[in-house]
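Fold and contact review
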Amino acid sequence: MTEARDTEHKGHTEGAEARRVLEELARERGFDLVGVARAEPLVRGGERLRQWQEAGMSADMGYMQRPPERLSDPRALQKSARSVVSLGVSYYPGDHPESAGGGRVARYAWGRDYHEVIKGRLFELRSELEERLGVRIKARGFTDAVPLLERSAAQNAGLGFFGRNACLISQKAGSYFFIADLLVDLDLPVDEQGEGTCGRCTRCMSACPTGAIKAPGVVDARLCISYLTIENAGEIPRDLRPKVGDWAFGCDICQEVCPYNKTKAARSRWPEFSAEAGAGPYLDIPGTLAIRDDTEFERRFSGTPLTRPGRAGMLRNCCVSAGNQRDAGYVPALAGCLREDGSPLVRGHAAWALGRIGGAEAAAALEESVMKEEDGWVLEEVRLALEELGEAEEKPGGAAEDATGRDGRIE
Ligand code: SF4
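1. Side note on the overall build of the protein chain
When helices and strands are tallied, the protein chain shows 17 helices and 11 strands. Scaling as 2.2 N^0.38, a compact globule of 411 residues should have a C-alpha radius of gyration of about 22 Å, and the protein chain matches this with 24 Å. The dimensions of the protein chain, computed from C-alpha atoms along their principal axes, are 80 × 45 × 40 Å. In the protein chain, which comprises 411 residues, the share counted as buried stands at 54%. The long-range fraction of contacts in the protein chain, counting pairs at least 24 apart against all pairs at least 6 apart in sequence, stands at 76%.

Structure follows, in C-alpha cells:
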C-alpha cells in the first residue's frame, strides 16, 4: 500500500469504530484495562519526575535520571505516534501462603518475566488490529522497558490515579497490574484522565517498614525495599537491613494494605504469572545461597524477573531475609557463603546474618573468617557481627529477642 493510499485508508478506520475494535481485541488478548490518550508530552508527570530527581530520590537508577522532557514525550520514542494505547494486565496471583517459609518474593515476580510475555501479546494485538482495520499501523509496543513515564501515560489514558504509595490505582482493579503501551499512528478517540482518590486513607504510609513514602505519592527509592533488593547493586545499608524483613525480592506491603486491592484485585487470567509458572511466592534460601556461579544462577532463574539483581544481589537479599527470620536452620548455608563465596557483597551480608541469628555454629564461622578474610569491608562486617553476638549473650533472652514478628517482618 502506498503512503497516500495508506493515509486515505486510515481516514476511514480512525474514530469510534477503530476504538471499538481495539478494545474488543485487547480484551480477547487478555488485557484487563484499555485506555487511549493523545501522544503528547506528559506535562504533570514530567514535573513530578523533575522534583523527585532534584530531591535525589532516584538513587542510582540511571534510566530514571534522564531528562524529564525525554521521559515524558511519547513522540521521542516514535515520531509518527498519534495516540498512546495504555493497557493493564492483572498479575495478582493470590496471597503468600502463610504456612510456607523462605525468602519472600513480590507478587509480580512469582511467574514468568512479564517483559517477554506481554511484548509477545502486544505484537499479536497490533497484527490483529491491522488485519481487522485493513490498514498498516506504525506502532511501538513496550512494557517497562523504554524510557517513558508509563504510569503517567496510563493515568492520561484513564487507567487509574496515583495513590499515596505512588502506584497507579484503578478503581476497578486495584494496583496489582502491569502497564503496557502501544504507540500508534492512528487518531483514536481518547479517554478522560484517570480520576480517584485515596480519601483520608494513609495505610500505605504507616505500613511501609522503612518510611520510604515521604509524602503522598513520593517514594524515596533509596529507602524502598523494592529498590534495595532489585536495582541496587551494592550493599543494603546496615540500618535498613532489619527493616527488610523476610523479603528476598521486591516488596508488596504498600499494596497489600491498600483497600482498593483488598476489594478490587481480581486474580490474573494469564497462566504465565501464576506461582506454578516461575519461582513462586518464596525462595528456597539454603538452595539459593548455595549457587556459586552465574551459569547456575541463570539456569535456576532465567525466564523470570528474578535474574534482575544478578547472582550476588540475590544471595545478598537471601542473607538479609535469613538473618531477619533468625532461623538457626539457615546457619550452615550462611557459613558456607562466608567461607567460600567469591563475592565480598555476599560474604559481608552472610556475616551480618550470622551475627543476627547467633549460636555457637554462627560464632565459629565468624571467628574462622577473621583469620582468613582479606576484604576490608567484609572484615568490618564480621567484626560488627561478632560484637552483636557478644552483646546478645549479655542480654537476657540472647539473640532470640527481636522486634520482628514471626515471619521476620517488622510489626
Ligand atoms: Fe515501602 Fe515496600 Fe512500598 Fe517500598 S514497596 S514504599 S518499602 S511498603
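2. Things to note about the confidence of the model for the protein chain
Of the residues in the protein chain, 91% reach a pLDDT of 70 or more, and the chain-wide mean stands at 89. Counting contacts from residues 1–9, a segment whose pLDDT is below 50, to residues more than four positions away or on other chains yields nine contacts. Ignoring residues within four places in sequence, the model shows residues 398–411, a span with pLDDT below 50, making 36 contacts including any to other chains.

3. Considerations on the site of the ligand
Every residue close to the ligand is listed here: C208, P209, T210, A212, I213, C224, I225, S226, C251, I253 and C254. Taken together, the residues that form the shell around the ligand break down as nine nonpolar, two polar and no charged. Built from parts of two domains, the shell around the ligand gets at least three residues from each of domain 1 (1–92 + 112–215 + 251–276) and domain 2 (216–250 + 277–403).

4. What to know about the environment of L289
Along the polypeptide, L289 turns up in helix α11 (residues 285–289). For the pair formed by L289 and S83, sequence separation is 206 residues and the distance between their alpha carbons is 47 Å. Among residues more than four places away in sequence, those in contact with L289 are L315, C318, C319, A333, L334 and C337.

5. Some points on the packing of helix α15 (residues 344–357) against helix α17 (residues 376–394)
Across the interface, α15 lies against α17 with an axial gap of 8 Å and an inter-helix angle of 5°. Overall, the two elements α15 and α17 adopt an arrangement that is roughly parallel. Contacts between α15 and α17 involve P344, L345, R347, G348, H349, A351, W352, L354, G355 and R356 from the former and W377, V378, E381, V382, A385, E388 and L389 from the latter.

6. Quick notes on the side chain of N232
Its place among the elements puts N232 in the loop between α8 (225–231) and β10 (247–249). A distance of 2.9 Å separates a polar side-chain atom of N232 from the backbone nitrogen of G234. Setting aside residues no more than four positions away along its own chain, N232 makes contact with Y227 and R316.

7. Remarks on α15
With 14 residues, α15 should cover 20 Å at 1.5 Å per step; its first-to-last C-alpha distance of 20 Å lies within 8% of that length. The element α15 is extensively covered by neighbouring structure, given that 13 of its 14 residues are classed as buried. Trailing α15 by a residue or two, G358 shows a phi angle of about 75°, which is positive.

8. Side note on the sheet that holds β10
Within the open sheet, the three strands sit side by side as β10-β3-β11. Their pairing is mixed. Bordering the open sheet on either side are β10 and β11 (282–283), each of which pairs with just one other strand. As paired elements, strand β3 (residues 103–105) and β11 share two bridges and run antiparallel to each other. Bridging from a neighbouring strand, G103 pairs with L283 of β11.

9. Topic: the nonpolar core
L283, L289, L306, L334, L338, L354 and L366 are the most contacted members of the largest nonpolar core, which has 47 residues in total. Considering every element that reaches this core, the biggest residue donor is α15, with seven residues. Once residues within four sequence positions are removed from consideration, L334 is found in contact with L289, C319, A322, A350, A353, L354 and I357. If you look at the next biggest cluster of nonpolar residues, it comprises 32 residues, including V117, F178, L188 and F273.

Definitions and cut-offs
Sequence positions are assigned chain by chain, starting from 1 and proceeding in written order. Residue-level local features of this predicted model are given only where pLDDT is at least 70; pairs of side-chain atoms are given and counted only at 80 or more, and the full residue set underlies all totals for whole chains, interfaces and linings. Side-chain descriptors were evaluated using all non-hydrogen atoms of the structure, hydrogens and water having been removed beforehand. Segments assigned H or I by DSSP are reported as helices when at least four residues long, segments assigned E as strands when at least two residues long, and all are numbered from the N terminus. Our radius of gyration looks at C-alpha atoms and nothing else; its globule reference is 2.2 Å times the residue count to the power 0.38. We call a residue buried when its accessible area falls under 20% of the maximum for its residue type, exposed when it is over 50%, and partly exposed in between, using a 1.4 Å probe and counting protein chains only. It only takes one pair of heavy atoms within 4.5 Å for two residues to be counted as in contact. Per-residue confidence from the prediction method is given by pLDDT, with values spanning 0 to 100. Residues are counted as near a molecule or strand when any one of their heavy atoms sits within 4 Å of it. Under this grouping Gly is polar, as are all residues other than the nonpolar Ala, Val, Leu, Ile, Met, Phe, Trp, Tyr, Cys and Pro and the charged Asp, Glu, Lys and Arg. Domain start and stop positions are those given by an automatic or database domain assignment. To obtain each axis, a line is fitted to C-alpha atoms, and for helices this fit is confined to the stretch in contact; angles are then taken between N-to-C directions over 0 to 180 degrees. Every angle not falling under 35 degrees, over 145, or within 65 to 115 is termed oblique; those three ranges are roughly parallel, roughly antiparallel and roughly perpendicular. In protein, a polar contact requires one atom able to donate a hydrogen and another able to accept it; more generally it is a pair of N or O atoms within 3.5 Å, and residues adjacent in sequence count only if both atoms are side-chain atoms. Expected helix span is computed as 1.5 Å times (number of residues minus one). Here the rule is simple: two strands pair whenever DSSP picks up at least two bridges between them. Nonpolar core, defined: a set of buried Ala, Val, Leu, Ile, Met, Phe, Trp, Tyr and Cys residues in which side-chain atoms within 4.5 Å join the residues together.

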